[in-house]
Amino acid sequence: MNLDGARVLVAGATGVLGGALTAELGARGARPALAGRDPARLASAARAHPGAPTVTFDAYDPASCARAVDGAAKELGGLDAVVTAFGSVAFGPAAEVGDEIAEHLTAVNVLAPTAFFRAAFTVLGPGSAIAAFTGVVARRPQAGMADYSASKAALSTWLDAARREVRTGGITVLEIRPGHLDTGFADRPVAGTAPPLPAGGDAHRVVAAVADALEADAELVRTDPDGTPVVERRTR
């Protein structure tokens, strides 16, 4: 994919990670569309990207996710990529995290991103891509984060299966699986308190690697133990 002129919907563009990614894509010439939940924050984020369309969605309403894709496609005259960069986290022993919290994590971390992507598959053509942030917990679940780890693993599994379905149609499925990043995400749990965590990695290095991966039609971005982002053309 040539990002210069590419039409990219960033869902979660009002967050630290989504905002950094939108800026990186814009610096490479992409035409972003910004999706977020809060209209005021969305309008504030859009000021950094004059002319970029904005669409709202609610992660608890999968139909709104599909409408966001359709709206962005109409505003930009099509889409070349859809990226989800939002999520929710909770901490606590598996026996103590309540069912409502587990449902919340599933809705936000699995059902909402997949709703974006199902809608994306109806408008994307050959040479396009979808991309989602999962995290290292998708493959290495952590104690005290069972439900969060499970939700990210579920999204990762969905991406693996969908990749096999759409690859022959020329659509790339990119999973972004970084370690802990310095975004403040762990400081905003819906339940519990974060355990001691290592120093967070540089989000800007990761989003630069994501942009590189989109340009290379790669399928995975991960980070080495020292925090260095690694782009892999094909998943293992």
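Everything numeric here is computed off the predicted structure, so don't read it as measured data. (Residues numbered from 1 in each chain as written. Predicted model: local features only at pLDDT ≥ 70, side-chain atom pairs only at ≥ 80, totals over all residues. Heavy atoms only, no water.)

Chemist: Any chance you could break down the nonpolar core for me, citing the residues and the numbers?
Modeler: Val8, Leu25, Phe133, Leu174, Ile176 and Val210 are the most contacted members of the largest nonpolar core, which has 34 residues in total. At the level of secondary structure, the elements contributing two or more residues to this core comprise β1 (7-11), α1 (16-27), α2 (39-46), β4 (81-84), β5 (128-133), β6 (171-177) and α6 (203-215). For this core, the leading source of residues is α6, giving eight residues. Look past the residues within four positions of phenylalanine 133 in its chain and what remains in contact with it is Leu17, Leu21, Val83, Thr84, Ala85, Lys152, Leu155, Ile176, Pro178, Val206 and Val210. If you look at the next biggest cluster of nonpolar residues, it comprises 31 residues, including Val82, Val108, Phe116 and Ala119. (Core = buried A, V, L, I, M, F, W, Y, C linked by side-chain atoms within 4.5 Å. Buried < 20%, exposed > 50% of the residue type's maximum accessible area, 1.4 Å probe, protein only. Helix = DSSP H or I, 4+ residues; strand = E, 2+ residues; numbered from the N terminus. Contact = heavy atoms within 4.5 Å.)

Chemist: So what's going on with the side chain of threonine 114? Which residues, and what values?
Modeler: Its location among the elements puts threonine 114 in helix α4 (residues 99-120). Here threonine 114 falls in the buried class, since its relative accessible area comes to 3%. At 3.1 Å, the side chain of threonine 114 forms a polar contact with the backbone oxygen of leucine 111. (Polar contact = N/O pair within 3.5 Å; in protein donor to acceptor, adjacent residues only side chain to side chain.)

Chemist: Requested: an account of the side chain of threonine 183, with residues and values cited.
Modeler: By the secondary structure assignment, threonine 183 is in the loop between β6 and α6. Of the residues examined, threonine 183 reaches a relative accessible area of 15% and is grouped as buried. If we skip the residues at most four places from it in the chain, threonine 183 touches Val16, Leu17, Arg188 and Ala203.

Chemist: Please give an account of unusual backbone geometry that cites residues and values.
Modeler: Even without glycine at this site, aspartate 217 takes up a positive phi of about 55 degrees. Residue class for aspartate 217 comes out partly exposed when judged on its relative accessible area of 26%.

Chemist: Talk me through the packing of helix α3 (residues 62-76) against α4; I want residue IDs and the actual numbers.
Modeler: Two elements in contact, α3 and α4, have axes whose closest approach is 8 Å; the angle formed by their N-to-C orientations is 40 degrees. Comparing the axis directions of α3 and α4 gives the class oblique. Crossing of α3 against α4: the hand is right-handed. Contacts between α3 and α4 pair Pro62, Cys65, Ala66, Ala68 and Val69 from the former with Ala112, Ala115, Phe116, Ala119 and Ala120 from the latter. Split by residue class, the contact of α3 with α4 holds ten nonpolar, no polar and no charged. (Axes fitted to C-alpha atoms, helices over the stretch in contact; angles between N-to-C directions. Parallel < 35°, antiparallel > 145°, perpendicular 65-115°, else oblique. Left-handed = near helix turned anticlockwise from the far one by under 90°. Nonpolar A, V, L, I, M, F, W, Y, C, P; charged D, E, K, R; others polar.)

Chemist: Please give an account of the packing of α1 against α6 that cites residues and values.
Modeler: Look at α1 against α6: their axes get within 9 Å of each other, and the N-to-C directions meet at 50 degrees. In terms of orientation, α1 and α6 fall into the oblique class. The hand of the α1/α6 crossing is right-handed. The segment α1 lies against α6, with Leu17, Ala20, Leu21, Glu24 and Leu25 engaging Ala203, His204, Val207, Ala208, Val210, Ala211 and Leu214.

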